[in-house]
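Residue-level structure breakdown
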Amino acid sequence: MPSLGRLHLITDTRPGRDPLAVLRAALPVARAELVVQVRVEDDATDRETYELARRVVALCRPYAATCLVNDRLHVALAVGAAGGHVGAEDLPVRAARRVLGSGAVLGATAREPGSAAAAAAAGASYLGVGPCHPTGTKTGLPDPIGPDGVRAVAEAVDVPVIAIGGVTAARVPALRAAGAYGVAVVGALSGAADPTRATAALLGALTC
């Protein structure tokens, strides 16, 4: 498995957002520390997902950044992404691992120690854990687990824990202290007036 960056950028494809512009702003700063997870709206077609993922892979390559595709693992394979990420309602982790192969990066979503340990045992390379804080990026999420919830998961597994949900640079130190290897963001970059500066702030918080 490739080494895993600490800053995960999830593409924001909601109306009015430009995920590729945000990515272009973040890449020169984050370089190999950036993991880009291509996530699309539920009504996006496979062709639309493929076209976005193909462009993300091409942008990431010169910077040695990692591209993953959320849910649509066939698209990840088609564009030559480094792997994928599956949520609770997607393919089971063990099945996803069979699809992607042993050398791919495979992320899985978890929010408590039991499911986290099961996902790691089934072949997850890392765990996306949250939501840590309230977020308006995605609807229908369970209550935030906070740094204490991240700590409970991090202590139960031996794979990297990526904290997600309402993450800001100011909240990173507490999440890192709780055992998070890195963080995943959407709005912290896609909604930033200056995504380049916001990327630098997040990286600075991750490495201090």
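Quick look at the structure, then. The shown structure was predicted, so the numbers you read here are calculated from the model rather than taken from an experiment.

Rules used in this analysis
For every chain, the first residue of the written sequence is number 1, and numbering continues from 1 along that sequence. Owing to the predicted nature of the model, reporting of local features is limited to residues with pLDDT of at least 70; listing and counting of side-chain atom pairs is limited to 80 or more, with chain, interface and lining totals taken over all residues. Note that water and hydrogens are dropped before the side-chain values are worked out from all heavy atoms of the structure. Here a salt bridge means any side-chain nitrogen of Lys or Arg lying within 4 Å of a carboxyl oxygen belonging to Asp or Glu. Throughout this description, buried means an accessible area under 20% of the type-specific maximum (1.4 Å probe, protein chains only), exposed means over 50%, and partly exposed covers the range between. In this text, helices come from DSSP runs of H or I with a minimum length of four residues, and strands from runs of E with a minimum of two, each type numbered from the N-terminal end. Definitions used for this entry: grid spacing 1 Å over protein atoms alone; cavity, a set of points where a 1.4 Å probe fits but cannot get out; pocket, an open set with protein on both sides within 12 Å along at least 5 of 7 lines; lining residue, one with an atom within 4 Å of a point. Grid points are joined across faces, edges and corners, and a volume is the space filled by probe spheres set on the points. Residue polarity follows a fixed list, in which Ala, Val, Leu, Ile, Met, Phe, Trp, Tyr, Cys and Pro are nonpolar, Asp, Glu, Lys and Arg are charged, and the others, Gly among them, are polar. Helix span, as expected, comes to 1.5 Å for every residue beyond the first. Starting at the helix axis, one direction is taken to each C-beta atom, and the arc is that of these directions. Should any heavy atoms of two residues lie within 4.5 Å, those residues are counted as being in contact.

**Here we look at the pattern of salt bridges**
Pairing is possible between side chains of opposite charge, provided their charged atoms come close. For the coordinates displayed, the defined rule picks out seven salt bridges. Here aspartate 12 makes a salt bridge to arginine 17, at a shortest N to O gap of 3.7 Å. Using a relative accessible area of 4% as the deciding quantity, one classes aspartate 12 as buried. On the basis of relative accessible area, arginine 17 is assigned to the partly exposed category, the value being 34%. A salt bridge links aspartate 46 to arginine 72; the nearest nitrogen and oxygen atoms lie 3.0 Å apart. Residue aspartate 46 is located in helix α2 (residues 46–60), and its partner arginine 72 is located in the loop between β3 (66–70) and α3 (73–79); the two are separated by 26 residues in the primary sequence. Counted as one network, the salt bridges with shared partners bring together Asp12, Arg14 and Arg17.

**A look at the layout of surface pockets**
In this structure, the second largest pocket encloses a volume near 180 Å³. The residue makeup of the lining of the second largest pocket, split by class, is nine nonpolar, three polar and one charged.

**Topic: α2**
With 15 residues, α2 should reach 21 Å at 1.5 Å per residue; the first-to-last C-alpha distance of 21 Å fits that figure. Taken together, the buried positions of α2 are Thr49, Leu52, Ala53, Val56, Val57 and Cys60. Down the axis of α2, the smallest arc covering the buried residues is 140°, so these residues share one side. At its buried positions, α2 is contacted by α1 (19–30), β2 (34–38), β3 and α3.

**Re helix α4 (residues 93–100)**
Within an α-helix, residues lying three or four positions from one another point in the same direction, as the helix has 3.6 residues per turn. Residues Val93, Ala95, Ala96, Arg97 and Leu100 constitute the buried set of α4. Elements in contact with the buried residues of α4: α3, β4 (83–86), β5 (105–110) and α5 (113–122). The positive-phi residue at the C-terminal boundary of α4 is glycine 101, with phi of around 95°.

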